[in-house]
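Residue-level structure breakdown
The lines below spell out each chain.
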Amino acid sequence: DFFVELNQKFGKKIRSTFIYAYQVYNKGLLQKPGFPTIYSNIIVPDVSYPYPNKMYFYSANIGFLFGENKLYKTLDGGKSWKKQIAPSYETQNAIWFVSETIGFSCGNSKTLFRTNDGGDKWQALNVPSIISINSALQSITFTSNSVGYFMDNGGRLFRTIDGGNSWTQYSS
């Protein structure tokens, strides 16, 4: 798990509110065992293929449901969803927000994006050239507005200290 790995590297607890859904089926959300039951009442807006199968909540009310090239946002804890323009047609593997407006998304084909308006619009960010075009960026987290980390599918960890404008490979 990405956060376990980060916690081992840094010896401190990283805030993790990223929730993965197991499967979307029959307009319901089947979640991984062990997650709080608060998420069992979420109404899933779209069950057509490709399925939005990942979820991230910044707070109890503000959350995102995504997968493949679909993105939805809720402001009421999952009772209703607004369709957003997805950052990319590539599969997005993770989303992380540092505030209600500033967030990041990473995905397949070395895609990395930033939003400054709560997910309405996304801007592509530069990804280090040592990552091949076929690589997937698997996970992303930030410990402050400027310091963040992502991991590629090869297990390499990258760090930014300027809010995602530049990234360097990181080792402790």
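One numbering rule holds for all chains: residues counted from 1, following each sequence as written. With pLDDT at 70 or above as the cut-off, local features in this predicted model cover only qualifying residues; side-chain atom pairs require 80 or more to be listed or tallied, and sums for whole chains, interfaces and linings still use all residues. Calculated side-chain values reflect all of the structure's heavy atoms, with hydrogen atoms and water omitted.

Moving on, we get to the overall build of the protein chain. Only DSSP runs of H or I with at least four residues qualify as helices, and only runs of E with at least two residues qualify as strands; both kinds are numbered from the N terminus onward. In terms of helices and strands, the protein chain carries one helix and 14 strands. Between buried and exposed lies partly exposed: a residue is buried under 20% and exposed over 50% of the maximum accessible area for its type, with that area taken using a 1.4 Å probe on protein chains only. Burial analysis of the protein chain (172 residues in total) assigns 49% to the buried set. Residue contacts are counted whenever heavy atoms from the two residues lie within 4.5 Å of one another. Across the protein chain, every contact between residues at least 6 apart in sequence was considered, and the portion connecting residues at least 24 apart equals 37%.

Turning next to the confidence of the model for the protein chain. For every residue, the predictor assigns a confidence score, pLDDT, that lies between 0 and 100. Scored by pLDDT, the protein chain comes out at a mean of 76, with 69% of its residues at no less than 70. Within the model, the stretch residues 1-40 combines pLDDT values under 50 with 87 contacts to residues more than four positions away or in other chains.

To continue, consider the pairing of strand β4 (residues 63-67). The element β4 is extensively covered by neighbouring structure, given that five of its five residues are classed as buried. Where strand β3 (residues 54-57) hands over to β4, the hairpin turn is made up of five residues, counted between the paired strands. Summarising the sheet, β4 and strand β5 (residues 70-74) pair through five bridges and their orientation is antiparallel. The residue of β5 that forms the bridge with F64 is K73. Two strands pair under a simple rule: DSSP has to find at least two bridges between them. Turn length for the β4-β5 hairpin, with the two strands adjacent in sequence and antiparallel, is two residues, and the turn residue E68 shows positive phi of about 50 degrees.

Moving on, we come to the sheet that holds strand β10 (residues 123-124). The strand order across the open sheet formed by four strands is β7-β8-β9-β10, and the pairing between neighbours is antiparallel. This sheet does not close on itself; its edge strands, each paired only once, are β7 (92-97) and β10. Here β7 pairs with strand β8 (residues 103-107) via five bridges, running antiparallel. Within β8, the position partnered with Q92 by the bridge is G107.

Here we take up unusual backbone geometry. A positive phi angle, near 50 degrees, is found at S109, a position not held by glycine. With respect to the helices, strands and loops of the structure, S109 is situated in the loop between β8 and β9 (111-115). With a relative accessible area of 24%, S109 lands in the partly exposed category. We note that K110 has phi near 45 degrees; this positive angle belongs to a residue other than glycine.

The next point concerns the environment of G164. Summarising the element assignment, G164 is placed in the loop between β13 (157-160) and β14 (168-170). Taking the C-alpha atoms as reference points, G164 and L125, 39 residues apart in sequence, are found 7.0 Å from one another. Sequence-distant contacts of G164, defined by excluding residues within four places in its chain, comprise F104 and L125.

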